[in-house]
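Notes for the structure review
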Amino acid sequence: MMRYFKTSFITAVLAMLPLSQAQAHPHLFVAVEITIVFDGEQPTGVRMGWSYDDYFSLLVTSDLGLDIDGDLALTDAEQQTLADAVAGWATDFSGELDVFVGNTAVTAAKRVEHGVGYTDGHVFEKHLRPLVSAPVVGETLAIRVYDPFYYVSYTIDGPIRIEGRDDCKTAVQPPDLNAAYSLVDEFLYGRPAADVGAEEQLPEVGLQFAETIFVTCGT
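In this report, we go over the structure that sits alongside the text.

About the criteria used
- Residues numbered from 1 in each chain as written.
- Predicted model: local features only at pLDDT ≥ 70, side-chain atom pairs only at ≥ 80, totals over all residues.
- Heavy atoms only, no water.
- Helix = DSSP H or I, 4+ residues; strand = E, 2+ residues; numbered from the N terminus.
- Buried < 20%, exposed > 50% of the residue type's maximum accessible area, 1.4 Å probe, protein only.
- Contact = heavy atoms within 4.5 Å.
- Areas by Shrake-Rupley, 256 points an atom, 1.4 Å probe, with all protein chains shown as cover.
- Phe/Tyr/Trp six-rings, centres within 6.5 Å; stacked < 30°, edge-to-face > 60°.
- Pairing = 2+ DSSP bridges.
- 1 Å grid on protein atoms, 1.4 Å probe; cavity = no way out; pocket = protein on both sides within 12 Å on 5 of 7 lines; lining within 4 Å.
- Points joined across faces, edges and corners; volume = space filled by probe spheres on them.
- Salt bridge = Lys/Arg side-chain N within 4 Å of Asp/Glu carboxyl O.

In terms of helices and strands, the chain carries five helices and 11 strands. Relative to its full complement of 219 residues, the chain shows a buried share of 42%. For the chain, long-range pairs separated by at least 24 residues make up 75% of all intrachain contacts whose partners lie at least 6 apart in sequence. Summed over all atoms, the accessible surface of the chain reaches about 11,300 Å², with 51% contributed by carbon and sulfur.

Structure representation (structure tokens):
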């Protein structure tokens, strides 16, 4: 969904934002629920739920002409309109997911079990990313959900869930924000991030702002 709205009407969205909010960085905020799926001892997928912030959800539904009565619920026809509008991901969109075992990247396949919904005024997406290159069984997984350009801020919401086994431990490591903001200053040569226009490409600093999920099983 994020890629759809970036390419379709993000300029219009920024024009609708109050000046102070339009200059903020990042611009969109997503709460992420994470479930790690196992088949026996083998991790086989990462299930994610993305819940978009109040303001952006309002802009989305307004742009699509949904929930006009303001009851925070969609009719079946409105639900189909929302699903049709956000179902397509651009071919260059990675899905904002990295999975590693040590320094080795684990390949995540395209999403399956995709769904779009609207609950209590929030637009949300749910999907599963199968892991197609098998991680080493027994090794710690490191998982990050982030936008490389930090246009979108993803925040882990709630406990990390494990599906398929009951001997796993999880931990979430927060980013080093001082280091992250220092890197932004370095890339922008002291120029305030608020001065970066909507048409400009921001430096790839999203990884430095990302939370890291560690999953260790069988110990």
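What follows covers the packing of aromatic side chains. Applying the stated criterion across every chain, the model contains three aromatic pairs. Centroid distance Tyr 52 to Phe 56: 6.1 Å. Interplanar angle 55°. Geometry classified as tilted. Given the relative accessible area of 1%, Tyr 52 is considered buried. The buried category is assigned to Phe 56, whose relative accessible area is 1%. Centre to centre, the rings of Tyr 150 and Phe 209 are 4.1 Å apart; their planes meet at 10°, and the pair counts as stacked. Taken as a pair, Tyr 150 in the loop between strand 7 (141-145) and strand 8 (152-156) and Phe 209 in the loop between helix 5 (177-188) and strand 11 (212-217) lie far apart in primary sequence, 59 residues in all. The exposure class of Tyr 150 is buried, given its relative accessible area of 10%.

Our focus in this paragraph is the sheet that holds strand 4 (residues 104-105). With respect to topology, five strands assemble into an open sheet ordered 4-3-7-11-10, the strand pairing being antiparallel. One side of each edge strand has no neighbouring strand; the edge strands of this open sheet are strand 4 and strand 10 (168-173). Judged from the five bridges that link them, strand 3 (residues 97-101) and strand 7 form a sheet pairing that is antiparallel. Paired with Val 99 across the bridge in strand 7 is Ile 143.

Quick look at the layout of surface pockets now. Roughly 160 Å³ of internal volume is contained in the second largest pocket. What lines the second largest pocket is Ala 31, Glu 33, Gly 49, Trp 50, Ser 51, Thr 119, His 122, Phe 124, Glu 125, Lys 126 and Asp 157. Listed by contribution, the elements that provide at least two residues to the lining of the second largest pocket are strand 1 (28-39), strand 2 (42-52) and strand 6 (122-130). For the lining of the second largest pocket, the leading source of residues is strand 6, giving four residues.

A few words on the pattern of salt bridges. Under the defined criterion, the tally for this structure stands at four salt bridges. Between Arg 47 and Glu 163 there is a salt bridge, with its nearest N and O atoms 3.3 Å apart. Taken as a pair, Arg 47 in strand 2 and Glu 163 in strand 9 (residues 161-163) lie far apart in primary sequence, 116 residues in all. Judged by its relative accessible area of 25%, Arg 47 is partly exposed. Between Arg 111 and Glu 125 there is a salt bridge, with its nearest N and O atoms 3.9 Å apart. Placement of the pair is Arg 111 in the loop between strand 4 and strand 5 (112-119) and Glu 125 in strand 6, with a sequence separation of 14 residues. Glu 125 gets classed as buried once you look at its relative accessible area, which sits at 0%. Through salt bridges with shared partners, a single network forms among Arg 47, Glu 113 and Glu 163.

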